[in-house]
Amino acid sequence: MDLASIMSANPFRVDPDVSPDEALALMDDHDVRHLPVVEHGELIGIVSDRDLLSEIGWLPARTPEQRKARATQGCVSSIRPLMHVDVTTGEPADSVVTAAVDLVVQAIGCLPVVDQGELVGMVTEMDLAAAFWRISQKGELDGDVDPPVLEHMAKHPVTVGFTTPIRQAVALCKEHHVRHLPVADGERLVGVVSDRDLRAATAGGKHLEQAVGTIMVPYPVTLATDARLSDAAERMVGHRISCLPVVEGERLVGIITLTDLLDHCLSTLRDPETH
């Protein structure tokens, strides 16, 4: 399986002179976490949402008043000094396992695909999860390489309650370097809130002391405790989500993320004859 078969062709790209606020707003609008930076037709860098958030804070400045306030904070005016210029890339004919190694070992979230110097696609963590799921659908995975979710999930996830203020949820995401917070009532799962939900809420004018329960996703997609990683991949890809609470009935027992899945994919995303 090569990168051409799983990549997203003609990915959205930006000029290096766009502002951090513009880049972050584009990420939100297009539901992406990484933007390839292209100048004169050549890929010169990658910028991630975390690069931008570390520079400008939690929210993009969208109004003239917000942009004026931002200018007084000493923030950079373009993404050029924020982007990563030493970019790991792949070629369309490269194997999927090569991409998996690059993403997991180098802890990067995307792999631009170039052909004779031209950006032609992007491989993301979700693309690799889809490849893993397709392999599992062909019956090429057995119990040894398609283990139970219980073996890979986080057993004590950081949670919030229905009445937890948005401000506190934001702080927890930053403190624990997580993107998703299960919302629990005691041990019972009642919802999930993501970093994007929190940003959208505050950008939409909701007060930071407002309860998380007013913006959470209720009745989230979940996994049962007897599920396997291929089941997790199927649901993540099918619903375009990067985390799944693991439940026993209504009781929250853990959470598995796309990163957890990819850590395992290194041993499975290979040609069948190499098993």
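From a predicted model like this one, the values you see are computed outputs, not experimental measurements. (Residues numbered from 1 in each chain as written. Predicted model: local features only at pLDDT ≥ 70, side-chain atom pairs only at ≥ 80, totals over all residues. Heavy atoms only, no water.)

S.K.: Tell me what's going on with helix α8 (residues 229–239), and back it up with residues and numbers.
M.R.: Where α8 is concerned, the buried positions are Leu229, Ser230, Ala232, Ala233, Met236 and Val237. Seen from one end, α8 has its buried residues packed into an arc of 155°, which puts them on one side. Against the buried residues of α8 lie α5 (125–137), β9 (223–224), β10 (243–248), β11 (251–257) and α9 (258–265). A positive phi of about 55° marks arginine 240, the residue just after α8. (Buried < 20%, exposed > 50% of the residue type's maximum accessible area, 1.4 Å probe, protein only. Helix = DSSP H or I, 4+ residues; strand = E, 2+ residues; numbered from the N terminus. Arc of directions from axis to C-beta. Contact = heavy atoms within 4.5 Å.)

S.K.: Outline the confidence of the model for the protein chain, supporting the account with residue identities and numerical values.
M.R.: Caution applies to low-pLDDT regions: their predicted coordinates should not be interpreted in detail. Scored by pLDDT, the protein chain has a mean of 84; 84% of the residues are at 70 or more. This stretch, residues 271–275, has a pLDDT under 50; its non-local contacts, to residues over four places away or in other chains, come to five contacts. (pLDDT = per-residue confidence, 0-100.)

S.K.: With reference to specific residues and values, describe unusual backbone geometry.
M.R.: Although it is not a glycine, histidine 40 adopts a positive phi angle of roughly 55°. Position of histidine 40 among the secondary structure elements: in the loop between β2 (34–39) and β3 (42–48). The backbone phi angle of tyrosine 219 is positive, close to 50°, even though this residue is not glycine. With respect to the secondary-structure elements, tyrosine 219 resides in the loop between β8 (217–218) and β9.

S.K.: If you had to explain the sheet that holds strand β1 (residues 8–9) to someone new, which residues and values would you point to?
M.R.: As summarised here, the arrangement of the three strands in space is β1-β5-β4, forming an open sheet in which the pairing is antiparallel. This sheet does not close on itself; its edge strands, each paired only once, are β1 and β4 (110–115). Sheet topology note: the β4/strand β5 (residues 118–124) ladder contains six bridges and is antiparallel. Of the residues in β5, the one forming a bridge with valine 113 is glycine 121. Against the sheet, α5 touches β1 and β5, its axis set at about 65° to β5. (Pairing = 2+ DSSP bridges. Axes fitted to C-alpha atoms, helices over the stretch in contact; angles between N-to-C directions.)

S.K.: Pulling in residues and values, what's your account of the pattern of salt bridges?
M.R.: Applying the stated criterion across every chain yields a total of ten salt bridges. The shortest N-O distance in the salt bridge between aspartate 49 and arginine 179 comes to 3.1 Å. Within this pair, whereas aspartate 49 is found in helix α2 (residues 49–56), its partner arginine 179 is found in the loop between α6 (166–176) and β6 (180–185), the two being separated by 130 residues in sequence. Put simply, aspartate 185 and arginine 188 hold a salt bridge, and the shortest N to O gap is 3.3 Å. We classify aspartate 185 as partly exposed; its relative accessible area is 47%. On the accessibility criterion, arginine 188 (35% relative accessible area) is partly exposed. (Salt bridge = Lys/Arg side-chain N within 4 Å of Asp/Glu carboxyl O.)

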